[in-house]
Amino acid sequence: MGSGSRIRQYERRFYEGERVREEREDEIFHSVGFFGEYEVREAEGGGYELIRKNEVIGIFSEAKVEKGRIVFKLSHGVNLEVTEKGIREIFSPERAELCGLIAADGSISKYQEKKGKSTMYKICLKTNDQELAEVFSRLFKETYGVTSHRYIGHHTAEGKERQHYEEVVYSKKVAYDLWNFNIKGPGRYEFHPPTKYLDEEGKKAYIRGFFSGDGSVTLTPKEHHISIHSSCRECLEELRKMLIDLGFHPGEIGIYDKEPSPKRHSHPSFRFYIPEEDHLKFIEEIGSEREMHINKFKQIKLIDEERRKRRNEI
Amino acid sequence: MRKGEKDGMKSKFATVWEWNDEFGDVGRNCEKYIDKRWNENIKECCIDVTARERDEDIYFHVTYFTSKREGIGNLAQSMFDAVLSAGRDVKVYFVTVELFNSIISSSAIYRKSIEDIRNELGEFERTLANKFSNDSRIRAVVGGRKVVFLPTFVVLCELEPLSGNKMITEVNHFDLEILKGFLDLLNEKLVKKNLAKKVLGYKLHLGEVDDYEIEDMDIHDDEVVVRLERKSLKVKARS
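Rules used in this analysis
- Residues numbered from 1 in each chain as written.
- Chains lettered and ligands numbered in written order.
- Predicted model: local features only at pLDDT ≥ 70, side-chain atom pairs only at ≥ 80, totals over all residues.
- Heavy atoms only, no water.
- Helix = DSSP H or I, 4+ residues; strand = E, 2+ residues; numbered from the N terminus.
- Buried < 20%, exposed > 50% of the residue type's maximum accessible area, 1.4 Å probe, protein only.
- Areas by Shrake-Rupley, 256 points an atom, 1.4 Å probe, with all protein chains shown as cover.
- Lys, Arg positive; Asp, Glu negative; His and termini not counted.
- Charge placed at Lys NZ, Arg CZ, Asp CG, Glu CD.
- Core = buried A, V, L, I, M, F, W, Y, C linked by side-chain atoms within 4.5 Å.
- Contact = heavy atoms within 4.5 Å.
- Phe/Tyr/Trp six-rings, centres within 6.5 Å; stacked < 30°, edge-to-face > 60°.
- Lys NZ or Arg CZ within 6 Å of the ring centre and 35° of its normal.
- Disulfide = S-S within 2.5 Å.
- Pairing = 2+ DSSP bridges.
- 1 Å grid on protein atoms, 1.4 Å probe; cavity = no way out; pocket = protein on both sides within 12 Å on 5 of 7 lines; lining within 4 Å.
- Points joined across faces, edges and corners; volume = space filled by probe spheres on them.
- Nonpolar A, V, L, I, M, F, W, Y, C, P; charged D, E, K, R; others polar.

Q: Quick question: what am I supposed to make of the overall build of chain B here?
A: Along its length, chain B carries five helices and 12 strands. Each principal axis of the C-alpha atoms in chain B carries an extent, and together these give about 65 × 45 × 35 Å. When burial is assessed residue by residue, chain B has 60% of its 239 residues classed as buried. On chain B, roughly 9,700 Å² of surface is accessible, and the fraction owed to carbon and sulfur atoms is 46%. Here chain B contributes 39 positively and 43 negatively charged side chains, and the mean placements of these two sets differ by 4 Å.

Q: Would you mind going over the nonpolar core with me for this structure?
A: Across soluble globular proteins, you tend to see nonpolar side chains buried next to one another. Within the largest apolar cluster, 55 residues are counted, with the highest numbers of intra-cluster contacts made by Phe60, Val83, Val92, Val95, Val155 and Met167 of chain B. With eight residues, the top contributor of residues to this core is helix α2 (residues 72-84) of chain B. In this structure Phe60 of chain B touches Val49, Thr50, Ala51, Arg52, Glu53, Val83, Val90, Glu170, Val171, Phe182 and Leu186 of chain B, once residues within four positions along its chain are discounted. Ranked by size, the runner-up nonpolar core spans 54 residues in total, among them Phe91, Phe140, Val169 and Tyr206 of chain A.

Q: Would you mind showing me how to read the packing of aromatic side chains here?
A: We describe a pair of aromatic rings using the distance from one ring centre to the other and the angle between the two ring planes. Following the criterion strictly, the structure yields 26 aromatic pairs over all chains and no others. On the basis of an interplanar angle of 35° and a centroid distance of 5.3 Å, the ring pair of Phe140 of chain A and Tyr144 of chain A is categorised as tilted. Separated by four residues within a single helix, Phe140 of chain A and Tyr144 of chain A lie in helix α4 (residues 130-144), roughly one turn from each other. Across this residue pair, the class does not change: Phe140 of chain A and Tyr144 of chain A are buried. Feature note: the residues Phe211, Phe248, Phe282 and Phe297 of chain A constitute an aromatic cluster, connected by ring pairs. Taking the ring centre of Trp19 of chain B as reference, the NZ or CZ of Arg54 of chain B above it sits at 5.9 Å.

Q: What exactly am I supposed to notice about the state of the cysteines here?
A: Disulfide: a covalent bond connecting the sulfur atoms of a pair of cysteines. All names here are of chain A. Tallied over the full model, the rule gives one disulfide over all chains. Note on cysteine connectivity: Cys232 is disulfide-linked to Cys235, with sulfurs 2.1 Å apart. Taking the torsion about the sulfur-sulfur bond, which here is approximately 60°, the covalent link between Cys232 and Cys235 counts as right-handed. By the burial criterion, Cys232 is buried, and Cys235 matches it. Left unpaired, Cys99 is separated from the closest cysteine sulfur, that of Cys235, by 14 Å.

Q: What am I meant to see in the pairing of strand β7 (residues 153-161) of chain B here?
A: For a regular strand, side-chain orientation follows a simple rule: the groups alternate between the two sheet faces. Residues and elements named next belong to chain B. Among the nine residues of β7, eight are classified as buried, and the element is accordingly described as predominantly covered. Relative to strand β8 (residues 166-173), β7 runs antiparallel, the two being bridged by seven bridges. Bridge pairing in β8 links Leu156 to Glu170. Linking β7 to β8, which pair antiparallel, is a turn of four residues. Here eight bridges tie β7 to strand β9 (residues 196-205), and the two strands are oriented antiparallel to one another. If you follow Pro161 over to β9, its bridge partner there is Ala196.

Q: Quick question: what am I supposed to make of the layout of surface pockets here?
A: Rolled over the atoms, a probe with the dimensions of a water molecule shows which regions are left empty. Considered as a void within the structure, the largest pocket measures approximately 720 Å³ in volume. For the largest pocket, the lining is made up of 26 residues, of which Ser107, Ser109 and Arg188 of chain A together with Asn20 and Asp21 of chain B are closest to its centre. Ranked by residue count, the leading element in the lining of the largest pocket is strand β9 (residues 106-112) of chain A, at five residues. Across the lining of the largest pocket, the residue classes break down as eight nonpolar, seven polar and 11 charged. By volume, the second largest pocket is sized at about 400 Å³. Around the second largest pocket, the lining comprises 23 residues; the ones closest to its centre are Asp257, Lys258, Glu259 and Pro260 of chain A together with Leu233 of chain B. Among the elements of the structure, β15 (253-256) of chain A together with β7, β8 and β11 (223-230) of chain B are those that each provide at least two residues to the lining of the second largest pocket. Residues that form the lining of the second largest pocket fall into these classes: nine nonpolar, five polar and nine charged.

Okay, structure coming up:
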């Protein structure tokens, strides 16, 4: 990982095992399985090798064997997935969720404190919610092995002194790693889900991260709804498409804008709803990191299960 | 600071704050822009805060119009602080400043009572009921239950500003009681921050009846709640 090209990073992660192979010639291997043109073998002493056309192209210490695929752990929350179709890099669920969280409430920026001073690279999450700050910190640690700094600010809300949090990592390497995947920016609210690098679990984790930041669960005596918001329409469309890929039926994207008179410049905002038929699926498969959402999910689950029963009776 | 000046138009515009900027930078950023762009032709300045209360899913604006150059930075910071304090989980998306060569706020007069708004909305909901009660999706689930229609709408509120020309709050929701509860709290914060003296009145902003379509339905024991959204405010997904 670093500020260089993604091809270099890939090469470093992937073709890194041949010398080790020579040192392990006496090791006994047995085949784990064939995935298209690839064979995976496990060493008795631990570790796996990936073989294509009788050539070892990688040695890995950890692997997760699943139906139809094997996943090797690379570095910084990136895994290598081997299936019948071939190989591809995918994000771990932790990295995917971190990216979703940054897409909603975070930022990646570079700046100079003063003219002539060195350039700083900052990955930051601003939130009113301590638990979300902690989630960001945990995911960062798991993905990059880096501990974030926490800055606490104060404001008043509902007549009480409240805290807001800025969870920050200063790292050029991490900033470039995230920029390389187009996670956030250049516009302040612009994001792009890294769909190419997400398997089903990764997609769900990414949406959970985003929803924890920019999602809403509303529960009133009259109705309840689940919605996702953004100030970037194209980006929200990409997120909506990801939900469709996962078998959800999100509503169309709607616009919030200010009253047109008197005529002023405006920044519209966009949102879509998760329809009632998908509420239980959303709660079970996506969920949220926020206590406030989780509590409402529990109530919605009870209400919707009742209603589903009633609807089946009609 | 992101500038959005429109050449040839009679306004100058800039976004002076976005989420992830420092909470305390609103006033300073605003002053920087005003210092640069204010001239003798400027007749009115409009400061706008766009935010969402994420707990109740309420999208709202607070807008202040003033012709006085002095103290605009402090004003913008106080508006931001008041907005942030109006709910448990408020996310401010934008603070913008727009400068005009004429007074544009004089047309914004909202003086109805909340009772007027309640009656107007009730009448509109009855009109919507006539339009939608025969909808096949509703008939399929109604089974003798009462049908309640909840269209999304906007309530605008005019406040008497302490020193400026006009102050407006604008809240978007589909449940008047929730909207009113939030609007009262927001207005109270603005009064407490010495930005406004009192509420002068309200205006209900609705779409045309034919513009509404069914977004979702909630089936209760004794009623079916139908949430209606405006078609013209939908964007078609790109293929």
